[in-house]
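What follows is each chain in one-letter form.
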Amino acid sequence: MNNDSLLLQLLDEAYEKRAWHGPNLKQSLRGVTVQQAAWRPAPARHNIWEEALHAAYWKYALRRRIEGGQRGSFALAGSNFFSRPERGRCTEAAWRADRELLEKEHRALRAVVVRALRTARASRFTRQILGIAFHDIYHAGQIRLLRRLQPHAPRRKSAA
């Protein structure tokens, strides 16, 4: 396997393809209701919804770096973390729209990475592409933990 194929495989496994390490980012979000997405473990701590948008933002940021796009062109105003749910918008439709934004940003980033890997300047972005894959896995773990911490989360019986 060459480096380009490896980079794409890592990017895919971290976001949506079956991986040996367990749930990736998309799998971690599967089945999360709006109530689960909005739940906070403590005041001023991030929730699942904010983690998902944070991942979308950094996919956009890397895409912008590779393409040389204009800063401030993300679909939402602001950067890094976005407070969710917005007042009066704790709805399944709003949650779905933000998950769709994550999906859109992943698809756009992947397409840009594929194009960049065909150029001589691809090596300039290797570390950042690896970084965004690791970023997805890191936040997938946080999301899984947030799901388990919720008071109504199903508990596994301990083996005794």
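Refer to the structure above for everything that follows.
Just so it is clear, the structure is predicted and the values come from calculations on it, not from any experiment.

## Considering the overall build of the protein chain
In terms of helices and strands, the protein chain carries 6 helices and 0 strands. Moving toward the C terminus, one meets the helices and strands of the protein chain in the order α-α-α-α-α-α. Its C-alpha radius of gyration of 17 Å places the protein chain within 12% of the 15 Å reference for a compact globule of 160 residues. A principal-axis box enclosing the C-alpha atoms of the protein chain has dimensions of 50 × 45 × 25 Å. For the protein chain, buried positions account for 41% of its 160 residues. In the protein chain, of all internal contacts separated by at least 6 residues, the share reaching a separation of at least 24 is 74%. As presented, the protein chain carries roughly 9,500 Å² of accessible surface, and 52% of it is formed by carbon and sulfur atoms. Charge centroids of the protein chain, computed over 30 positive and 14 negative side chains, lie 3 Å from each other.

## Concerning the environment of threonine 126
Within the secondary structure, threonine 126 is located in helix H6 (residues 126-149). The exposure class assigned to threonine 126 is partly exposed, which follows from its relative accessible area of 27%. Sequence spacing of threonine 126 and aspartate 98 is 28 residues, and the spatial spacing of their C-alpha atoms is 28 Å.

## Topic: H6
With 24 residues, H6 ought to run about 34 Å at 1.5 Å a step, and its terminal C-alpha atoms sit 35 Å apart, in line with that. Residues of H6 that are buried: Ile129, Ile132, Ala133, His135, Asp136, His139, Ala140, Ile143 and Leu146.

## Quick word on the nonpolar core
The biggest cluster of nonpolar side chains holds 26 residues, and the ones touching the most others in it are Leu25, Leu29, Ile48, Trp49, Phe74, Trp95 and Leu102. Those elements that place two or more of their residues in this core are helix H2 (25-29), helix H3 (34-38), helix H4 (48-67), helix H5 (92-117) and H6. In terms of residue count, H4 provides more of this core than any other element does, 9 residues in total. Excluding residues that lie within four positions of it along the chain, leucine 102 makes contacts with Tyr15, Leu25, Leu29, Ala52, Ala55, Ala56 and Lys59. Of all hydrophobic cores here, the second largest spans 15 residues; its members include Leu62, Ile66, Ala116 and Ile129.

## Topic: unusual backbone geometry
Cis geometry marks the peptide bond from arginine 84 to proline 85; its omega dihedral reads 0°. The phi torsion at alanine 44 lies on the positive side, around 65°, for a residue other than glycine. One can find alanine 44 in the loop between H3 and H4. Looking at alanine 44, the relative accessible area reads 78%, which means it is exposed. Non-glycine residue asparagine 80 carries a positive phi angle of around 70°. In this fold, asparagine 80 is placed in the loop between H4 and H5. Given a relative accessible area of 29%, asparagine 80 falls into the partly exposed group.

## A few points about helix H1 (residues 3-15)
Taking 1.5 Å of rise per residue, the 13 residues of H1 would be expected to cover 18 Å, and the 18 Å separating its terminal C-alpha atoms lies within 8% of that figure. Those residues of H1 that sit buried are Leu7, Leu8, Leu11, Asp12, Glu13, Ala14 and Tyr15. Close packing links the buried residues of H1 with H2, H4, H5 and H6. N-capping of H1 is provided by asparagine 2, with a side-chain oxygen placed 3.1 Å from the backbone N of aspartate 4.

## Some points on the packing of H4 against H5
Running from N to C, H4 and H5 cross one another at 25°; their axes reach a closest spacing of 9 Å. Relative to H5, the element H4 lies roughly parallel. Classified by chirality, the crossing of H5 by H4 is left-handed. Taken together, the residues of the contact of H4 with H5 sort by class into 18 nonpolar, 1 polar and 6 charged.

Thresholds, definitions, all that
Residues numbered from 1 in each chain as written. Predicted model: local features only at pLDDT ≥ 70, side-chain atom pairs only at ≥ 80, totals over all residues. Heavy atoms only, no water. Helix = DSSP H or I, 4+ residues; strand = E, 2+ residues; numbered from the N terminus. Rg over C-alpha atoms; globule rule 2.2 N^0.38 Å. Buried < 20%, exposed > 50% of the residue type's maximum accessible area, 1.4 Å probe, protein only. Contact = heavy atoms within 4.5 Å. Areas by Shrake-Rupley, 256 points an atom, 1.4 Å probe, with all protein chains shown as cover. Lys, Arg positive; Asp, Glu negative; His and termini not counted. Charge placed at Lys NZ, Arg CZ, Asp CG, Glu CD. Expected span 1.5 Å × (residues − 1). Core = buried A, V, L, I, M, F, W, Y, C linked by side-chain atoms within 4.5 Å. Polar contact = N/O pair within 3.5 Å; in protein donor to acceptor, adjacent residues only side chain to side chain. Axes fitted to C-alpha atoms, helices over the stretch in contact; angles between N-to-C directions. Parallel < 35°, antiparallel > 145°, perpendicular 65-115°, else oblique. Left-handed = near helix turned anticlockwise from the far one by under 90°. Nonpolar A, V, L, I, M, F, W, Y, C, P; charged D, E, K, R; others polar.

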